[in-house]
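For reference, the chains in residue letters:
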Amino acid sequence: MEEANSSSGVASNVARAIVAALNWNSTPDDRRAAVSYLDSIKTGDVRVLLNTSLLLVKEDWSSEIRLHAFKLLQHLVRLRWEELSSIERRNFANLAVELMYDMTNHSEEWPLKSQKAALVAEIVRREGIQLWQELLPSLTSISNQGPVQAELVSMMLRWLPEDITVHNEDLEGDRRRLLLRGLTESLPDILPLLYTILERHFGAALSEVSRQHMGVAKQHASTVAAALNAINAYAEWAPLADLAKFGIIHGCGFLLSAADFRLHACEFFKLVSSRKRPADTSASEYDSAIISIFQILMQVSRELLYKSTSTAGSVDENEFEFAEYICESIVSLGSTNLQCITGNSSMLSIYLQQMLGFFQHYKLGLHYQSLLFWLIFLLLFKALMRDLVMKPKVTSAPSGDVSGSAQLDNEKQMILSLVNEDICGPILDVSFQRMIRREKAFPGSSFAPVTLELWSDDFEGKGDFSQYRSKLLELMKLIASLKPILASSKVSDRVFLIINTPFASLVPLQDLAMMESVQVSLENIVASVFDGSNEFSGGGTELHLALCRIFEGLLQHLLSLKWSEPALVEILGRYMDALGPFMKYYPDAVGGVINKLFGLLTSLPCVMKDPSTSGARNARLQICTSFIRIAKSADKSILPHMKGIADTMGYMQREGCLLRSEHNLLGEAFLIMASAAGLQQQQEVLNWLLEPLSQQWVQLEWQNSYLSEPLGVVRLCLDTSLMWSIFHTVTLFERVLKRSGFKKDNLNSENSSMQHPLSSHLAWMLPPLLKLLRALHALWSPSISQTLPAEVKAAMMITDAEKYSLLGEGNPKISKTSLTFTDSSQADTEANEVDIRNWLKGIRDSGYNVLGMATTIGHPFFKCFDIDSVALALMENIQSAEFRHLRQLIHSVLAHLVKSCPPEMWEIWLEKLLHPLLIHLHQVLSFSWSSLLHEGRAKAPDVQCILATSDLKVEVMEEKLLRDLTREMCALLSIMASPSLNTGLPSLDQSGHINRLVDTSSLKDLDSFLSNSMVAFMLKHNSLAIPVLQICIEAFSWTVGESMTKVCSFCAAVVVLSISTRNVELQKFVCKDLFSAAIKGLTLESNAIISADLVGLCRDIFIYLCDRDPAPRQVLLSLPCISPLDLAAFEEALTKTLSPKEQKQLMRSLLMLATGNKLKALAAQKTVNVITNVTGKVQQHRFLTEVL
């Protein structure tokens, strides 16, 4: 009696704690106290936990208390099951089953019923197959008692196989295999039971509705939904033959006609449709089941297509939702199991026609699902064509395989005959129409597809428009490679349709969006047709001649257009550069295009500062960009025209009608042309472009006037002609570095030891640039920034575009020429704030890119430049750099420098550059992360001067800036630890054997790795090692899980060096500091993504160093829940396995034990059975209305 009173008292206390914890009116202190008390119950005496929870699940407690009590019981089963004796476990199992019997309240809430079923399932998973076999007859008996009991049994059967398809670390491999085997053996009992429940209660529901017994009908409907959910839990893994044999496929097919349950049934077909065909003897049974699924889904699809196309206005959204589910299932079925019906030409033909019907459907959702199928199918079709063409080249099969081979060939030929122009033509027509989003399809447009539901930003769940359009373009390219004549004719006709006024610019501006979309289609189809890989399409010379006629006609039409409106001129230039791949094979077309482009360029006004000419400015730049695109795609066909292009450029420059930004673009095009001609021609072009600039660039007068001290930059902004001349010079350097270098074919044909074409130019290009960057960096130093004019200070602040990007908000339209719209010959006498901002950003962007690309040239850069001048330019004012500038410096310059620096130059270059960088990064990252984690503000310097309307927006921007900088720093660590920079780093013994008698005489000095391991070099120099290791240690406590993989790679290299060398200081750091930090990192849920890496580090440190240093054992024994016996058992278990995977699992289990399951990064990996009634409640509601 006293024990019962005690249990009742504890139960009352737990009930009050549950209410307090869930009640939002509770004070914070009361809520914390309640949670603490509940945690003490969970971790306290297991029998008190069991008895208390069993008392609280009774029906005389509130639903909230009962629900929490069920969760306490599930916690006990998952994590503390072994603490109960075998008799106690069996008694508990019997009590759980009795809870399913005792269903006196038929209106019990769904979550409580689900928790009861989940508890029994959890017990079966823990106890094993023997208990399951004992319970099965009882479950059948329970299901016969009524709809509520049958629903509970269905729920339990639904949760039972959860761990077969969902990874759960709590269920170990052997137990998972035993569960799978036991359930598989029980399928002849489980599946008929589920089918019986399905059939019985669906019929009963219909019967009760006819009698107007709506409450009882609702109970039966709930049971049907639960049975379907259970069936879906087996659909992923149960043999299809069994699902067919026991009527499950037939039953779910029948329910597709029941409006209340058809979405549940669709989920079943979605799951089975993606199953893979087995390779064993059961393949024929599998094929038979798949064919029956094809027949069911195709029948439903035929009805849906007929209904939606014949009476579109009368089909509601629910019907379209169902159609999308069906379409998704039948697409999945065809994508993975089409081979099951390829032998039946009639069925395959009908299937392809239905897929075409969905693709042509005006509803975007149905069209989109079909698009995914056609992408997969046409890829397979392309491989099939290649296989058939290549077949004569392959030795014939053995005579015994002739019949099977002939049958296979017949199937292939049949597929080839079905994928014809009647299929591909409509696909192209629809694709062309859908290349425009709804927001840009103006109602007044002549070509807007009024009958189609076009893509909209409201179309959720399918990515953004660019992803969708890329899929459409990929589909066009596939068809173009398979049916080049058809695709070329179709897109040419489409262009003629859109551009239907050849002699005047009469195309309405609202049709521009459609014109742009057709240009993209033309570009991709031409690229696919002329990519050089269509030899298997057949046709030979006839094919080439036909293609030539099509595109020659189109090109002549484009050349004849007399458009003068800048927007139309811009599009016309893009249409012509889209034909670049065609010009590669038909060089006669190149001359006319070049003349036309220059004609368009000279027809537009050459005025830069007049806002009314912004359209002409964009069009001129687009024409110059077209030269670049044609130079890349036309390849050697353009070489004969190089002199003519150069002469025209020279003439336009002399006449003052070619701006510097345009000259730079044309110069880049020239370099691309030269790269196709060979290294000598490339060198000549470089000299032609750069020598005129070098004379101005190296003059000391302007450098001394403007770059000798920081305020000189302010004076430079007053001389806008020189200011923009400098800008365009730097951007030209960027372009020539980007386009110069060795092509593979040139390296094969010429002396591969030849120097980079720009090697001889670096000596004069870079010194003034370094001075310029030094002066620019100094503007942000406090002593200088305080003295700057207001417009310069404003220009230095973060831009609106950067703010929008940081906030993830829609970015307003920014002019393409915001950085290049001013030319030295037409500049105003004084720059405004916008000009200064654009100039500063442009110089930093291009200047960093120039330096970064220059480092990739290698020895000519590192041997010809003084490290002091580079360090002075980049690091002198590193303390004043803002986060976004630091990130950019690392990404654009230092990452390339670290990768490209020759090992013999590490001593000279890396220490002077990386020491100030790492010291500063450690300081700012440590401060900002501490501030963010403890105060909620990252306090990034970039946004401290912003007067924001919302403090929240400033906080978001600060955090984004901090995370971006942290990611870049982590990427730099990953580069330092990359295999290419650590070729001398040994690999650990993968056997995982623990050598208790380590032969320290075989260990090396750290110095022996300095020449072939950058990580060793970093560790040898304290000025680098101390800040970089501090960053690594602290990074484990930052919530940047996605970047921590890169930090782990650096730490792994540090561990390898500590194991392979006799460096005691490094060994102590790894054994104590790094080992502790890795364990601490596992306490953060954000590190779940790298938990395996962290456990691997812990495993390596302990296995290889625990006998050389006591620290690993001391660190483990300092954890709160571990005893020396636990550690001894762990070490004994390690000696019994040589598998690194098993050793990591042992380490993982030990860490969970030692921390009392407090490692959130490991706990986050576990799949907790979160019980959700996906659509059950909605289905119950709809059932009553639909049947009536």
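Analysis parameters
Along each chain, residue indices are assigned from 1 in the same order as the chain's sequence is written. Under the rules for a predicted model, residues below a pLDDT of 70 receive no local features and side-chain atom pairs below 80 are neither given nor counted, while totals for whole chains, interfaces and linings still include all residues. The side-chain numbers reported here are obtained from all heavy atoms of the structure, hydrogens and water having been left aside. Only DSSP runs of H or I reaching four residues or more are called helices, and only runs of E reaching two or more are called strands; each is numbered from the N terminus. Exposure is judged per residue with a 1.4 Å probe applied to protein chains only, and the accessible area is read against the type maximum: over 50% gives exposed, under 20% gives buried, and values in between give partly exposed. Residue contacts are counted whenever heavy atoms from the two residues lie within 4.5 Å of one another. Here the Shrake-Rupley method, with its probe set to 1.4 Å, supplies the accessible areas, and only the displayed protein chains count as covering residues. Both cavities and pockets are sets of points on a 1 Å grid over the protein atoms alone; in a cavity a 1.4 Å probe fits but cannot get out, in a pocket the set is open with protein on both sides within 12 Å along at least five of seven lines, and lining residues sit with an atom within 4 Å of a point. Grid points are joined across faces, edges and corners, and a volume is the space filled by probe spheres set on the points. Think of it as three bins: nonpolar holds Ala, Val, Leu, Ile, Met, Phe, Trp, Tyr, Cys and Pro, charged holds Asp, Glu, Lys and Arg, and polar takes everything else, Gly as well. By definition here, a helix of n residues has an expected span of 1.5 Å times n minus one. Fitting axes to the seven residues ending at a residue and to the seven starting there, one defines the bend at that residue as the angle between these axes. In protein, a polar contact requires one atom able to donate a hydrogen and another able to accept it; more generally it is a pair of N or O atoms within 3.5 Å, and residues adjacent in sequence count only if both atoms are side-chain atoms. Note on disulfides: each one is a pair of cysteine sulfur atoms within 2.5 Å. Between Lys or Arg on one side and Asp or Glu on the other, a salt bridge is scored when a side-chain nitrogen of the former is within 4 Å of a carboxyl oxygen of the latter. Lines fitted to the C-alpha atoms define the axes, with helices restricted to the stretch that makes contact. Angles between their N-to-C directions range from 0 to 180 degrees. When describing relative orientation, an angle under 35 degrees is termed roughly parallel and one over 145 degrees roughly antiparallel, while 65 to 115 degrees is termed roughly perpendicular and anything else oblique.

Asker: How should I be thinking about the overall build of the protein chain in this particular structure?
Answerer: When helices and strands are tallied, the protein chain shows 55 helices and 0 strands. For the protein chain, with 1188 residues in total, the buried portion stands at 54%. Counted over contacts in the protein chain with a minimum sequence separation of 6, partners at least 24 positions apart contribute 77%. Total accessible area on the protein chain stands at roughly 50800 Å², and carbon and sulfur atoms take up 53% of it.

Asker: I tried to follow the side chain of Ser-488 on my own but got confused; where do I start?
Answerer: By the element assignment, Ser-488 lies in helix H22 (residues 484-498). Exposure remark for Ser-488: the relative accessible area of 0% places this residue in the buried category. If we ignore the near neighbours within four places in the chain, the residues touching Ser-488 are Ile-525, Val-529, Leu-547, Ile-550 and Phe-551.

Asker: Would you mind going over empty space enclosed by the protein with me for this structure?
Answerer: To find leftover empty space, one rolls a probe the size of a water molecule over the atoms. Scanning the model with the defined rule gives 4 cavities of 30 Å³ or more in all. Taken as a whole, the largest cavity spans an internal volume of roughly 100 Å³. His-777, Trp-780, Arg-844, Tyr-848, Leu-874, Asn-877, Ile-878, Ser-880, Ala-881, His-885, Leu-886 and Leu-889 are the residues that line the largest cavity. For the lining of the largest cavity, the secondary structure elements donating two or more residues are helix H40 (833-855) and helix H43 (883-900). Looking at the lining of the largest cavity element by element, the count peaks at 3 residues for H43. Partitioned by chemical class, the residues of the lining of the largest cavity number 7 nonpolar, 4 polar and 1 charged.

Asker: Explanation requested: helix H49 (residues 1064-1081) in the structure shown.
Answerer: Think of an α-helix as turning once every 3.6 residues; residues three or four places apart then point the same way. Under the 1.5 Å per step criterion, the end-to-end length of H49 is 24 Å for 18 residues, consistent within 8% with the ideal 26 Å. For H49, the principal kink sits at Val-1070 and spans about 35°. Looking only at H49, the buried set comprises Leu-1066, Gln-1067, Phe-1069, Val-1070, Cys-1071, Leu-1074, Phe-1075, Ala-1077, Ala-1078, Ile-1079 and Gly-1081. Where H49 begins, the capping side chain belongs to Asn-1063, and its oxygen is found 3.2 Å from the backbone nitrogen of Glu-1065.

Asker: Just checking my understanding: could you explain the state of the cysteines for this structure?
Answerer: Linking two cysteines covalently through their sulfur atoms gives a disulfide. Taken as a whole and assessed by the stated rule, the structure comprises 0 disulfides. Just so you know, Cys-1048 is unpaired, no disulfide at all, and the nearest cysteine sulfur is the one on Cys-1051, 6.2 Å from it. Among the residues examined, Cys-1048 registers a relative accessible area of 4% and is labelled buried.

Asker: Sorry if this is basic, but what is going on with the pattern of salt bridges here?
Answerer: Two side chains with opposite charge may pair up if their charged atoms get near one another. Within this structure, the stated rule accounts for 44 salt bridges. As a salt-bridge pair, Glu-662 and Arg-620 come within 2.6 Å of each other at their nearest N and O atoms. Of this pair, Glu-662 sits in helix H30 (residues 660-677) while Arg-620 sits in helix H28 (residues 614-634), placing them 42 residues apart in sequence. Glu-662 gets classed as buried once you look at its relative accessible area, which sits at 2%. Notably, a salt bridge pairs Asp-800 with Lys-803, separated by 3.6 Å at the nearest N-O pair. A residue pair is termed a helical-turn pair when its members lie 3 or 4 positions apart in one helix, as Asp-800 and Lys-803 do in helix H39 (residues 800-807) at 3 residues. A single salt-bridge network, built from bridges that share partners, covers Arg-89, Arg-90, Glu-127 and Glu-134.

Asker: It is not clear to me how the side chain of Glu-662 should be interpreted in this structure. Could you clarify?
Answerer: Only 2.6 Å separates the side chain of Glu-662 from the side chain of Arg-620, close enough to count as a polar contact. Ignoring any residue separated from it by four or fewer positions in sequence, one finds Glu-662 in contact with Arg-620, Leu-621, Cys-624 and Cys-657.

Asker: Quick question: what am I supposed to make of the environment of Ser-143 here?
Answerer: Checked against the element boundaries, Ser-143 lands in helix H7 (residues 129-143). What makes Ser-143 buried here is its relative accessible area of 1%. Residues Ser-143 and Leu-193, spaced 50 residues apart in sequence, show a C-alpha to C-alpha distance of 8.7 Å. Setting aside chain neighbours within four positions, we find Ser-143 in contact with Gln-149, Ala-150, Val-153, Leu-193, Ile-197 and Arg-200. From its side chain, Ser-143 meets the backbone oxygen of Thr-140 in a polar contact 2.7 Å long.

Asker: What exactly am I supposed to notice about unusual backbone geometry here?
Answerer: Peptide bonds are mostly trans, and most non-glycine residues show a negative phi. At Gln-212, a position not held by glycine, the phi torsion is positive, near 65°. When you line up the elements, Gln-212 lands in the loop between helix H10 (173-210) and helix H11 (214-235). Residue classification places Gln-212 among the exposed positions, given a relative accessible area of 53%. The phi dihedral of Lys-939 is positive, around 55°, even though this residue is not glycine. Positionally, Lys-939 belongs in the loop between helix H44 (906-935) and helix H45 (951-976).

Asker: Is there a simple way to explain the packing of H43 against H45 in this structure?
Answerer: Angle between the axes and distance between the axes are the two parameters that describe a pair of packed helices. Two elements in contact, H43 and H45, have axes whose closest approach is 9 Å; the angle formed by their N-to-C orientations is 10°. By the angle between their axes, H43 is roughly parallel relative to H45. Here Phe-883, Arg-884, Leu-886, Arg-887, Ile-890, His-891, Leu-894, Ala-895, Val-898 and Lys-899 of H43 come into contact with H45, specifically with Leu-961, Leu-962, Asp-964, Leu-965, Glu-968, Leu-972, Ile-975 and Met-976. Grouping the constituent residues of the contact of H43 with H45 by class yields 12 nonpolar, 1 polar and 5 charged.

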